[in-house]
Amino acid sequence: MKSGEKGFTFVELLVAMVIMVTIGGAGAAATFQVLKGAERGNSYMSAVRQVENAGHWISRDALMAESIQTDNLTPPNFLILNWVERDYVNQDIRHSATYFFQDVSGNTGKLMRRHWSSAGANELVLVAEKIYYDPAQPGQSSRANYAGPVLTVKLTSIIKDKIESKEYKIVHRPGM
């Protein structure tokens, strides 16, 4: 701009607009990458939480179990654990926890827990969602195997394109 003139030339305005568009585009691309990364992280963390939650429930019951059944179960049954609790007047309370799959679609489903006791409990609990279960592919699927005294449970969760798999080894309680 020459001295004494007011306003900007067309070239100056064009250069300023190109700079603003470049900065805006870079900001939009960075925002998109951050949001996409957060979404991928959320899917992964959801898969991790599902596997850990299922592992917690199964480990808790398996540590109390006096009998563990993993073989010859009819799908959707996955694992059956039985134990006896002695109450404060030395009466036996029998417990059974059956883990099974429900609403399996595309080889992923809900892992459910049905707990029954002779004291009157009859509870159904959702343990985890999006658990991969395909009995035809035992190497990749969630599975349970009992080779006394160790219960080995592999759990795999698939959420969107994220897969989390973890294997739990639970040692059967002594004297069982």
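Residue numbers restart at each chain and count upward from 1, following the sequence in its written direction. This being a predicted model, a pLDDT of at least 70 is required before a residue's local features are given, and a value of 80 or more before pairs of side-chain atoms are given or counted; all residues contribute to the totals for chains, interfaces and linings. To obtain the side-chain values, all non-hydrogen atoms of the structure were used and water was disregarded.

Bringing the nonpolar core into the picture now. To form a nonpolar core, buried Ala, Val, Leu, Ile, Met, Phe, Trp, Tyr and Cys residues must be joined to one another through side-chain atoms within 4.5 Å. Exposed residues in this analysis have more than 50% of their type's maximum accessible area, buried residues have under 20%, and partly exposed residues fall in between, with area computed by a 1.4 Å probe over protein chains only. Core analysis: the biggest nonpolar cluster contains 25 residues, and Ile58, Phe78, Leu79, Tyr99, Leu111 and Leu155 have the highest contact counts within it. Helix and strand assignments come from DSSP, with helices taken as H or I runs of at least 4 residues and strands as E runs of at least 2, each series counted from the N terminus. Listing elements by their share of this core, those giving two or more residues are α1 (10–64), β2 (77–86), β3 (92–105), β5 (122–132), β7 (150–159) and β8 (162–171). For this core, the element with the highest residue contribution is α1, accounting for 5 residues. Between two residues, a contact is recorded if the distance between any of their heavy atoms is within 4.5 Å. Setting aside residues no more than four positions away along its own chain, Tyr99 makes contact with Trp57, Ile58, Asp61, Pro76, Asn77, Phe78, Leu79, Leu81, Leu111, Met112, Arg113 and Val127.

Each reported salt bridge corresponds to a side-chain nitrogen of Lys or Arg within 4 Å of a carboxyl oxygen of Asp or Glu. Under the criterion given, the structure shown has 7 salt bridges. Lys110 serves as the salt-bridge partner of Asp103, at 3.5 Å between the closest nitrogen and oxygen. Because the salt bridges share partners, they merge into one network encompassing Arg60, Asp61 and Arg113.

Turning our eyes to something else, we now look at the pairing of strand β4 (residues 108–117). Within a regular beta strand, the side chains point alternately toward one face of the sheet and then the other, so they alternate between its two faces. Taken across its 10 residues, β4 has 7 buried, putting it largely inside the fold. The pairing criterion for strands is at least two bridges between them, as found by DSSP. Summarising the sheet, β3 and β4 pair through 9 bridges and their orientation is antiparallel. When the sheet's bridge partners are listed, Ser96 is paired in β4 with Trp116. Hairpin remark: β3 followed by β4, antiparallel, with 2 residues in the connecting loop; positive phi at Gly106, about 65°. Across 8 bridges, the pairing between β4 and β5 is antiparallel. Residue Leu111 lies in a different strand from β5, and its bridge partner there is Ala128. Hairpin geometry of β4 and β5 is characterised by an intervening segment of 4 residues between the two adjacent antiparallel strands and by a positive phi of about 115° at Gly120.

Attention shifts here to unusual backbone geometry. Residue Pro76 follows Pro75 across a cis peptide bond; omega there is 20°. Secondary-structure assignment places Pro76 in the loop between β1 (67–69) and β2. Within the chain, Lys160 stands out as a residue other than glycine whose phi angle is a positive 55°. As for its position among the elements, Lys160 is in the loop between β7 and β8.

Before going further, it helps to spend a moment on the pairing of strand β6 (residues 143–147). Pairing analysis gives 5 bridges linking β6 to β7, with the strands arranged antiparallel. The residue of β7 that forms the bridge with Ala144 is Val153. Remark: 2 residues form the turn of the hairpin made by β6 and β7, two consecutive strands paired antiparallel.

Another aspect to go through is the side chain of Ser117. Along the chain, the position of Ser117 falls in strand β4. Of the residues examined, Ser117 reaches a relative accessible area of 4% and is grouped as buried.

Attention now goes to the side chain of Thr152. As for its position among the elements, Thr152 is in strand β7. A residue is classified by how much of its surface remains accessible, and Thr152, at 17% relative accessible area, is buried. Ignoring any residue separated from it by four or fewer positions in sequence, one finds Thr152 in contact with Arg143, Ala144, Asn145, Glu167, Tyr168 and Lys169.

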